[in-house]
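An overview of the molecular structure
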Amino acid sequence: GVVAPIPDGCTTGEDLVRRVPVPLDARNPSPVTGGPVPQIPVGVRLPVFRVHKTYAMGMLGRGIKKERMDVSSSSIGTIVRRYIGDIRRKPNQGNGDFEYKVQIFSRDPLIIYIRNFVSSEEIDYLLQVSEEKYEPSKVYSSFDGNLIDDKMRVSDSAWMDPKDPVVRSITQRAREFQGWRNKNTTVEPLLVQRYQVDGFYNYHFDWDESRADGNRVTTFMSYLVGNCTGGGTNFPFLPQPSDGRWCDVIECDEEGRDGYQGIIFKPVVGSAIFWENFHPNGTGHTGVYHAGLPVKSGMKVGLNIWSWDSAWIKPGS
Ligand SMILES: O=C(O)CCC(=O)C(=O)O
Ligand SMILES: [Fe+2]
């Protein structure tokens, strides 16, 4: 993504006094610079999120919840394996027959709305393996390498193991969905992102403007947990669709839109929004500028499925 400059006065205080609602302001976003960066009062540090234990328990499902509470780590392994086994026996895993439903949301940029892209069994499983892996999210910077930038993004990230059978199955589904594109395009390791109250991801593109070759060409933004207020995915430059039937998955009323412009996709569990990051001629599409809006209450967990084309070349270079 596009990395916002870090303002002077970046906070270093050790103790968090209180959570600060971050004023993510979409009212005047700019597609060129990465948009206005919310200012966080000097001297206040955003929280480091802690794993919610009760939440972790729930993830294993009713059947094994009790076992998990008093078992040694070796038997946890058994439970997890058994759980994977259960998932793999489900008939719709690991092939193109998975029954998702697609609708074109926008032709230019190409945005496709996919319902039921991730099954509830897969969601339970991904959430459970993520619990062990979360760390504060980083924003990629071509200058400094990875860094934690709480003006840009506050969430916890968990990278999924590409060898995991459930992860492979979803990855394969994403490849097939895209018609396999070309032999230079690969699906990146899947990333689970957890946003708690005041978590957000500021306005950005998913591609890296500074690169001359190789780039992130497509994105699936899918939702694993969406029991939150706020937390929608906002595309400030997209026009409202004319048909009101979209209002089940986008914010249509004033309260839900909360003053933001453009489209706000609600975090509908199991759904994915797919989009192309570039025009066919290789230039970045400014229409897909987007943000994960601040979660106001509850929690949102997203699953990012990005595809990387190593043959992409910056036009004119
Ligand atoms: O969480 C969201 O709604 C957006 C996340 C996002 O844009 C990203 O991870 O690149
Ligand atoms: Fe993004």
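**Re the coordination of the iron ion (ligand 2)**
Here the iron ion (ligand 2) is held by H204 (NE2), D206 (OD) and H290 (NE2), and the distances to it run 2.0 to 2.1 Å. Each donor residue of the iron ion (ligand 2) lies on one chain, and together they are spaced H-x1-D-x83-H. Accessibility expressed as a relative area gives 2% for H204, which makes it buried.

**Digging into the state of the cysteines**
This structure, assessed with the given rule, holds 1 disulfide. Note on cysteine connectivity: C247 is disulfide-linked to C252, with sulfurs 2.1 Å apart. When the S-S torsion is -90°, as for the bridge of C247 with C252, the disulfide is left-handed. Look at C252 and you get partly exposed, because its relative accessible area is 33%.

**Here we look at the site of ligand 1**
Among the 13 residues in the neighbourhood of ligand 1, the closest are listed as Y195, H204, T233, H290 and K300. Within the side chain of Y195, one N or O atom sits 2.8 Å away from an oxygen atom of ligand 1. N304 is positioned with one of its side-chain polar atoms (N or O) 3.2 Å from an oxygen atom of ligand 1. Mapped by element, the contributors of at least two residues to the shell around ligand 1 are β9 (191-195), β10 (200-204), β16 (290-292) and β18 (300-313). Top contributing element to the shell around ligand 1 by residue count: β18, with 3 residues.

**Overview of the sheet that holds β10**
With respect to topology, 5 strands assemble into an open sheet ordered β6-β10-β16-β13-β14, the strand pairing being antiparallel. Looking along the sheet, the strands with just one partner apiece sit at the ends: β6 (153-154) and β14 (263-265). As paired strands, β10 and β16 are joined by 2 bridges and run antiparallel to one another. The partner of H204 across the bridge, within β16, is H290.

**Some thoughts on the pairing of strand β2 (residues 111-115)**
In terms of burial, β2 is a largely internal element, 4 of the 5 residues being buried. As defined by bridge partners, strand β1 (residues 101-106) adjoins β2 across 5 bridges and the pair is classed as antiparallel. Considered in β2, the bridge of V102 is made with I114. With 4 bridges connecting them, β2 and strand β15 (residues 272-276) associate as antiparallel partners. Pairing of I114 across the sheet is with A272, part of β15.

**Describing the pairing of β15**
Burial analysis of β15 places 5 of its 5 residues in the buried class, which makes it a mostly covered element. Covered by surrounding structure in β15 are A272, F274 and E276 together with I273 and W275, the residues of both alternating faces. Across 5 bridges, the pairing between strand β11 (residues 213-225) and β15 is antiparallel. Bridging from a neighbouring strand, T218 pairs with E276 of β15.

**Let's talk about the nonpolar core**
Formed by 29 residues in total, the largest nonpolar core has its most connected members in F220, L224, L303 and I305. Looking at this core, the elements with two or more residues in it are β2, α4 (120-130), α5 (165-177), β11, β15 and β18. With residues up to four places along the chain from it excluded, the contact list for L224 reads V118, I123, L126, L127, V192, V269, V301, G302 and L303. W246, I250, F265 and A291 belong to the second-largest nonpolar core, a separate cluster that totals 26 residues.

**Section: the pattern of salt bridges**
For side chains bearing opposite charge, pairing can occur when the charged atoms are close. The full count for this structure, using the stated rule, is 9 salt bridges. Across the salt bridge formed by K296 and D258, the nearest N and O atoms sit 2.8 Å from each other. Taken together, the residues span a long stretch of sequence, with K296 in strand β17 (residues 295-298) and D258 in the loop between α6 (254-257) and β14 at a distance of 38 residues. A single network of salt bridges, built from pairs that share partners, joins E131, D156 and R194.

Criteria and thresholds
- Residues numbered from 1 in each chain as written.
- Chains lettered and ligands numbered in written order.
- Predicted model: local features only at pLDDT ≥ 70, side-chain atom pairs only at ≥ 80, totals over all residues.
- Heavy atoms only, no water.
- Donors = N, O, S within 2.8 Å, 3.2 Å for Na, K, Ca; no water.
- Buried < 20%, exposed > 50% of the residue type's maximum accessible area, 1.4 Å probe, protein only.
- Disulfide = S-S within 2.5 Å.
- Near = heavy atom within 4 Å.
- Polar contact = N/O pair within 3.5 Å; in protein donor to acceptor, adjacent residues only side chain to side chain.
- Helix = DSSP H or I, 4+ residues; strand = E, 2+ residues; numbered from the N terminus.
- Pairing = 2+ DSSP bridges.
- Core = buried A, V, L, I, M, F, W, Y, C linked by side-chain atoms within 4.5 Å.
- Contact = heavy atoms within 4.5 Å.
- Salt bridge = Lys/Arg side-chain N within 4 Å of Asp/Glu carboxyl O.

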